[in-house]
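# An overview of the molecular structure
In case you want the letters, here they are:
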Amino acid sequence: MNAEVASVEERKQNLKGMGTARRRVEDVRFVQGKGNYVDDIKLPGMLFGDFVRSPYAHARIKSVNKEAALAVPGVKAVLTADDLKPVNLAWMPTLAGDVQMVLADGKVLFQGQEVAFVVAEDRYAASDAAELVEVDYEELPVLVDPFKAMDPGAPVLREDLDGKTEGAHGPRRHHNHIFTWEVGDKDATDRALSEAEVVAKELITYQRVHPCPLETAGCVASMDKVNGQLTLWGTFQAPHAVRTVASLISTIPEHKIRVISPDIGGGFGNKVGVYPGYICAVVASIVLGVPVKWIEDRIENLQSTAFARDYHMTGEISATRDGRITGLKCHVLADHGGFDACADPTKFPAGFFNICTGSYDIPVAHVSVDGVYTNKAPGGVAYRCSFRVTEASYFIERMIDVLARKLEMDPAELRMKNFIGKEQFPYTSALGWEYDSGDYHTAMEKALETVSYKALRDEQKANREAFARSETRSLMGVGIGFFTEIVGAGPIKNCDILGLGMFDSCEIRVHPTGSAIARLGTISQGQGHATTFAQILASEIGIPADQITVEEGDTDTAPYGLGTYGSRSTPVAGAATAMAGRKIKAKAQMIAAYLLEVHDDDVEFEVDRFVVKGAPERFKTMAEVAFAAYNNVPPGMEPGLEAVSYYDPPNMTYPFGAYICVVDIDVDTGVTDIRRFYALDDCGTRINPMIIEGQVHGGLTEALAIAMGQEISYDEMGNVKGASLMDFFLPTAVETPVWETDFTVTPSPHHPIGAKGVGESPNVGGVSAFSNAVNDAFAHLGLTHTQMPHDHWRVWKTAERLGVTA
Ligand code: PCD
Ligand SMILES: [Cu+]
């Protein structure tokens, strides 16, 4: 392109800015096998660690004998809780204000819990030796059912909390009680329910699942004793927070710790938490003076790192006869496992579950959540949805369908009738959130029209009649999931983790030849930040995206940020990127005006240059300005072209969407065929439509997995049933239907570029659409609710219970 003569349109295209389906720059590296994951890091003299894990869900540890393990050739050390006590690291703080054993201290609380850490010259020696560590366990009564956790005679799990009646989130009223969290107006809600014409009630369980990223969790710790410098590479979704926490608990000064997240093979929330493996690798490196690597295997990942969900939600929703919702009540029993290791903003022990009024204008609501301990793995972090938003969305979208059934009303009609109107935004919900923007009716109408909803219902009616006449053994279901998400934590005034305010950051340096580097406090795990953040900047400062490097994940170079989860990168770091870009542009404008010998206000920005107003032939391109920044700036101005922005968002963003799923169920086998899945997303301004589509495909596939098959279940002894990919359902191309995607654009009014997050949305909206479709297939037989996952067996059991199997 000849920049001198190119048209505005050509120059715009050349930038590959916002709105362009720019190809992912990361993929050149990935498709050639040149990614750099933590397990690719190999350092001279590096040792390998492996865990001895508890086979029991609840047991006292009477003794640990390391002798045989230490005799294995190549074994350098075996660490137990007693070795960690002198350095005060036998227990670690969790992100939820609880404490967690790093290595079993006197007892174990879940199957797979870390008991000892064996360090050896290679992985094989370490795992051989791990098998030779002799642990003498005394089994204790196991608590698996959260509904029995607060029984008077329930086993005491956390002896360390003995007599503690105050927890991190208020009073505890039982030895297995963690917290009670309440929001909303209880009296007004009870009144609405008791005075209502119609009330629907249901227990809705969102089963325990696991994000199961392709790459498991791991790290390499390297303590340089001469310089007192600790370097930690790892699968961290929040590297700066890891550095701060590492400094606080190790007492190594923070400037002597460097945390690096290299390429990450999928995070999905699994890599937000802090795991015993990280601490053990650090301690081992300090003790042994050489680098130590720890990488978990698949079974360890599924068994012991952060699970998601495990919410048991009892709901009551009230309405008038003609379908106006008058109130909503929800009680949640939250199973947190042996330690409370959720990662929620400090003031929100149940995350943003109070988004559970969804997309509806519900006048009064009340939510209470009880967190309890059980003999299961800790976590509750996330899985393509942090902060309990997908639980909330699943809850309300199921409740709406349950109510529709009771009212004998079409579920689409009931939704349309109760949506928050476009003119009501910004809208304050009964449970306290201020929704920034939305246009639900338009999105829903577009969705219903695209799938020919009316025709689908007619077809379903005919199918049911044919089924009744025994002409078919298949039942058709149509499921709607209309969701409102809340993403982009944020505001520091509401959200902090361990006291760290949830802002995010971007620092930009423009080089003399007009290319640039941008560094952010977030970290991509596959989302494509290197592609998309460069696009934001290209549009803001007029430098082609191809000439902008985006770097994340190294705490020595990146500005402090809170990391990537909860779809916060676009709402928070994306905003910081635009704001830092605007600082660059403001300085560049002064330089351009100076070069053009006109007043600052007499030039205007046009795609990639500053043009003198009224004299389009007189301009300076951004590249020219960049060069001048290093040799010819206005008198008194500092040279250089750099800027940094720390962005504290004024509010969260509220993406939404309308999803519709059509299924055909063979009642004699339970086999459920996904005939069609349509997903309309509104994430405000779209940065890269192709990346958004990829995000939606990925998220829908995970939603399919959760709704139709995934579960981390336990038997009554607390054994994890099926913690391998033999049993844990990961959909392949075979099970995955064709995804139809669509969009509307309702920008966020407070975000500098109007963008909202999208990464989590397809999970939030998808799960309920699948589940509603399965429930809908049996609705005419009187079914109101059947629990997920809707695997073939469970679906068949439902059909059998309803008396329609052969
Ligand atoms: N409007 C808009 C929005 C967005 N975008 C794009 O898209 C993506 C995404 O974004 P977001 O939404 O903001 O988000 P982030 O923050 O970045 O990320 C996060 C998310 O992301 C998702 N996705 C994904 N992908 C991949 N590949 N991998 C992974 O791992 C993952 N993960 C998941 C999850 S789970 Mo959590 O953690 O649960 O909380 S949360 C999450 C990026 O690239 C961006 O740029 C665009 O374009 N536009
Ligand atoms: Cu979420």
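Predicted model only: the values in this text are computed from it and were never measured. (Residues numbered from 1 in each chain as written. Chains lettered and ligands numbered in written order. Predicted model: local features only at pLDDT ≥ 70, side-chain atom pairs only at ≥ 80, totals over all residues. Heavy atoms only, no water.)

### Considering the environment of Val8
Our working definition: Strands here mean DSSP runs of E at least two residues long; helices mean DSSP runs of H or I at least four residues long; both are numbered from the N terminus. Working rule for contacts: check all heavy atoms of both residues, and any pair within 4.5 Å makes them a contact.
Following the sequence through the fold, Val8 ends up in helix 1 (residues 8–15). Note: C-alpha distance between Val8 and Tyr440 (432 residues apart in sequence) is 35 Å. When sequence neighbours within four positions are dropped, the list of residues in contact with Val8 reads Glu606 and Val607.

### A word on the site of ligand 1
Keep this limit in mind: Any residue with a heavy atom positioned within 4 Å of a molecule or strand is treated as near that molecule or strand. Distance and chemistry together define a polar contact, namely a pair of N or O atoms within 3.5 Å, with one atom able to donate a hydrogen and the other to accept it when in protein, and with adjacent residues in sequence counting only for side-chain atoms on both sides. By convention here, the domain bounds are inherited from an automatic or database domain assignment.
Around ligand 1, the surrounding shell holds 36 residues, and the nearest of these are Ser386, His529, Gly566, Thr570 and Gln695. Here Gln237 contributes a side-chain N or O atom positioned 2.9 Å from an oxygen atom of ligand 1. Within the contact set of ligand 1, a nitrogen atom lies 3.4 Å away from a backbone nitrogen or oxygen of Gln525. For the shell around ligand 1, the secondary structure elements donating two or more residues are helix 14 (529–541), helix 15 (569–596) and helix 17 (689–708). Three or more residues apiece are contributed to the shell around ligand 1 by two domains, here domain 1 (8–35 + 504–647) and domain 3 (308–489 + 652–801).

### Some remarks on helix 16 (residues 622–629)
Operational definition: We call a residue buried when its accessible area falls under 20% of the maximum for its residue type, exposed when it is over 50%, and partly exposed in between, using a 1.4 Å probe and counting protein chains only. The arc in question is the one spanned by the directions pointing from the helix axis to the C-beta atoms.
Of all the residues in helix 16, the buried ones are Met622, Val625, Ala626, Ala628 and Ala629. All buried residues of helix 16 lie within an arc of 165 degrees about the axis, which places them on one face of the element. Lining the buried residues of helix 16 we find strand 25 (504–510), helix 14, helix 15, strand 28 (603–606), strand 29 (609–612) and strand 30 (615–621).

### Remarks on the coordination of the copper ion (ligand 2)
The line we're drawing: Listed donor atoms are N, O and S within 2.8 Å of the metal (Na, K and Ca: 3.2 Å). As water is not included, a site may look incomplete.
Cys385 (SG), Ser386 (N), Ser386 (O) and Glu760 (OE) make up the full set of protein donors to the copper ion (ligand 2), lying at 2.3 to 2.7 Å. Mapping the donors of the copper ion (ligand 2) onto the primary sequence yields the spacing C-S-x373-E. By relative accessible area, Cys385 is classed as buried at 2%. Here Ser386 falls in the buried class, since its relative accessible area comes to 4%.

### Regarding the domain arrangement of the chain
The condition is simple: Note on terms: buried area is the combined drop in 1.4 Å-probe accessible area of two parts once they are placed together, counting the loss on both. Should a side-chain nitrogen of Lys or Arg be within 4 Å of a carboxyl oxygen of Asp or Glu, the pair is scored as a salt bridge.
Under the domain assignment used here, the chain contains domain 1 (8–35 + 504–647), domain 2 (38–140 + 216–264 + 271–304) and domain 3 (308–489 + 652–801). The straight-line distance from the C-alpha centre of domain 1 to that of domain 2 is 40 Å. Listed by partner, the interface residues are 21 residues for domain 1 and 19 residues for domain 2. Together domain 1 and domain 2 conceal approximately 1,500 Å² of surface at their shared face, both sides included; 49% is due to carbon and sulfur atoms. Contact with domain 2 buries area across many residues of domain 1, yet Gln525, Thr555 and Tyr560 alone supply 38% of it, more than any other trio. Where Asp554 meets Arg258, a salt bridge forms, and the shortest distance between an N and an O atom there is 2.6 Å. Applying the counting rule to domain 1 against domain 2 returns 12 residue pairs in polar contact (both at pLDDT 80 or more).

### Focus on the sheet that holds strand 3 (residues 75–79)
Put simply, the rule reads: Here, strands pair whenever DSSP counts at least two bridges between them. Axis definition: a line fit to C-alpha positions, over the contact stretch in the case of helices; interaxial angles, taken between N-to-C directions, run 0 to 180 degrees.
Judged by pairing direction, the sheet is mixed, and its seven strands sit side by side in the order 3-7-1-16-13-14-15 without closing on themselves. Each edge of the sheet is formed by a strand with only one pairing partner; in this case those strands are strand 3 and strand 15 (257–260). Recorded for the sheet is a direction-independent mean angle of 20 degrees between the axes of neighbouring strands. With four bridges joining them, strand 13 (residues 218–224) and strand 16 (residues 292–295) adopt antiparallel strand pairing. Bridge pairing in strand 16 places Val220 opposite Lys293. Strand contacts of helix 5 (residues 123–132): strand 1 (47–53), strand 3, strand 7 (114–120) and strand 16, with the helix running at about 25 degrees to strand 1, the strand carrying the most contacts. Lying on the sheet, helix 7 (residues 239–250) is in contact with strand 14 (229–234) and strand 15; it crosses strand 15 at an angle near 145 degrees.

### What to know about helix 17
An α-helix turns once every 3.6 residues. As a result, residues three or four positions apart point the same way. Let me state the cut-off plainly: Here a helix's expected span is defined as the number of its residues, less one, multiplied by 1.5 Å.
The end-to-end C-alpha distance of helix 17, which contains 20 residues, comes to 28 Å, matching closely the 28 Å that a straight helix rising 1.5 Å per residue would cover. In terms of burial, helix 17 is a largely internal element, 14 of the 20 residues being buried. Its side-chain oxygen 2.9 Å from the backbone nitrogen of Met690, Asn688 forms the N-cap of helix 17.

### Description of the nonpolar core
Let me state the cut-off plainly: To qualify as a nonpolar core, a set must consist of buried Ala, Val, Leu, Ile, Met, Phe, Trp, Tyr and Cys residues joined through side-chain atoms within 4.5 Å.
One finds Phe117, Met313, Phe352, Phe353 and Phe770 to be the most contacted residues of the largest nonpolar core, which totals 184 residues. If you tally residues by element for this core, the top one is helix 10 (residues 389–407), at 11 residues. Ignoring anything within four residues of it in the chain, the contact list for Phe117 reads Gly49, Asp50, Phe51, Ala77, Val78, Leu79, Leu103, Cys280, Ala281, Ala284, Val292 and Trp294. Val510, Met622, Ala629 and Tyr647 belong to the second-largest nonpolar core, a separate cluster that totals 47 residues.

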